[in-house]
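Topology and contacts: notes
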Amino acid sequence: MPLLTDLLPQAAASTDLPALTHLLQHHRPWTVLTGAGVSTGSGIPDYRDAQGAWKRPAPVRFQDFMDETLTRQRYWARSLVGWPVFSQAQPNAAHQALARLEQAGYIQGLITQNVDGLHQRAGSARVVDLHGRLDQVVCMGCGQRMARADFQHELITANPDWQHLSASAAPDGDADLGGVDFAAFQVPACSTCGGILKPDVVFYGENVPAARRQEAMNHLAASGALLVVGSSLMVYSGLRFVHAAKQAGLPVAAINLGQMRDDALLDLKLAQACAPALSSLADLLAPARSD
């Protein structure tokens, strides 16, 4: 395999689509790591601004959710209001382009930090949901799982007046709901053991399951490059794959608007919005058939 330095002697300084296409053509298949920027085109807000700072208060921490009744009441009340918008989100052109590239043999595996399931709905098959899926709820006592849509019915039954509230959507399928008494909100317990019910996602302060992390590393080990899309890499659960790629001598490229945690680790960065950049990349490498 040609060395990256032979193919792109000025890769780190390149910011154009032809340079990215050239790199990826010579280092296929790739592992793709996606973040919140991929799903903003589907109406799901992202977390950070162009400088990598929080746009709103930081998400709920795992220990607070487990230890504090009021934290759980606040989370599930906001989730009741935000779930209808989140659950109706549809894949956008970024998800569709990645599915096309996988089907054309360019993508070995896709690791997503998102919890919306939109990659699978767009047609991607080799997906690792690094932080879990918001469409599932898990009991922290007995491990029983249920569909989030079913739990929505339980939340509304226990809190019928709350379903009529409205607020702007927030990144985790909840809503920016304020000015209400969260202490009045009733959170159903597990019907099997009475345990605490939690969305089946990795909260801040909670570890990614080891088996899931290893599955993602296995994809990277079978790849020729890592492509980061729509992630600032501010969270180490994603940054670890950049470190692993560099340690393995793999080129790392990114498509992302705004500051990233360590741009110096990138061989190439395309500072464009995810959907148009990925659509152009797919058009070049995996053009649609004309029947």
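Treat the numbers as computed from the prediction; the structure is a model and nothing was measured.

Scanning the protein from terminus to terminus reveals 10 helices and nine strands. Relative to its full complement of 291 residues, the protein shows a buried share of 50%. Counted over contacts in the protein with a minimum sequence separation of 6, partners at least 24 positions apart contribute 71%.

Glancing now at the nonpolar core. Leu20, Trp30, Leu101 and Leu227 are the most contacted members of the largest nonpolar core, which totals 29 residues. Going through the elements one at a time, helix H2 (17–25), strand E1 (30–34), helix H5 (93–103), strand E2 (107–112), strand E7 (225–229), strand E8 (252–255), strand E9 (268–270) and helix H10 (274–285) are the ones with two or more residues in this core. With six residues, H10 is the largest single contributor of residues to this core. In this view, Leu101 contacts Trp30, Tyr106, Ile107, Leu281, Ala282, Leu285 and Ala286; residues no more than four positions away in its chain are not counted. By size, the runner-up hydrophobic cluster in this structure holds 28 residues, among which are Phe62, Tyr75, Val137 and Leu155.

This paragraph deals with the packing of H2 against H10. Closest axis-to-axis distance for the H2/H10 pair is 11 Å, and the angle between their directions is 55°. Taken together, H2 and H10 sit at an angle that is classed as oblique. Where H2 crosses over H10, the handedness of that crossing is right-handed. The residues of H10 that touch H2, namely those facing Leu17, Thr21, Leu24 and Gln25, are Ala277, Ser280, Leu281, Leu284 and Leu285. Taken together, the residues of the contact of H2 with H10 break down into six nonpolar, three polar and no charged.

Considering the arrangement of structural elements, one finds Leu239 in helix H9 (residues 236–247). Ignoring anything within four residues of it in the chain, the contact list for Leu239 reads Leu233, Arg261 and Leu265.

The next thing to look at is the sheet that holds E2. Pairing is parallel across the open sheet formed by six strands, whose spatial order is E3-E2-E1-E7-E8-E9. Sheet topology places strand E3 (127–129) and E9 at the edges, where each strand pairs with a single neighbour. Looking at each pair of strands side by side, their axes are set apart by 15° on average, direction ignored. As paired strands, E1 and E7 are joined by five bridges and run parallel to one another. Bridge pairing in E7 places Thr31 opposite Leu226.

What counts, and at which threshold
Residues numbered from 1 in each chain as written. Predicted model: local features only at pLDDT ≥ 70, side-chain atom pairs only at ≥ 80, totals over all residues. Heavy atoms only, no water. Helix = DSSP H or I, 4+ residues; strand = E, 2+ residues; numbered from the N terminus. Buried < 20%, exposed > 50% of the residue type's maximum accessible area, 1.4 Å probe, protein only. Contact = heavy atoms within 4.5 Å. Core = buried A, V, L, I, M, F, W, Y, C linked by side-chain atoms within 4.5 Å. Axes fitted to C-alpha atoms, helices over the stretch in contact; angles between N-to-C directions. Parallel < 35°, antiparallel > 145°, perpendicular 65-115°, else oblique. Left-handed = near helix turned anticlockwise from the far one by under 90°. Nonpolar A, V, L, I, M, F, W, Y, C, P; charged D, E, K, R; others polar. Pairing = 2+ DSSP bridges.

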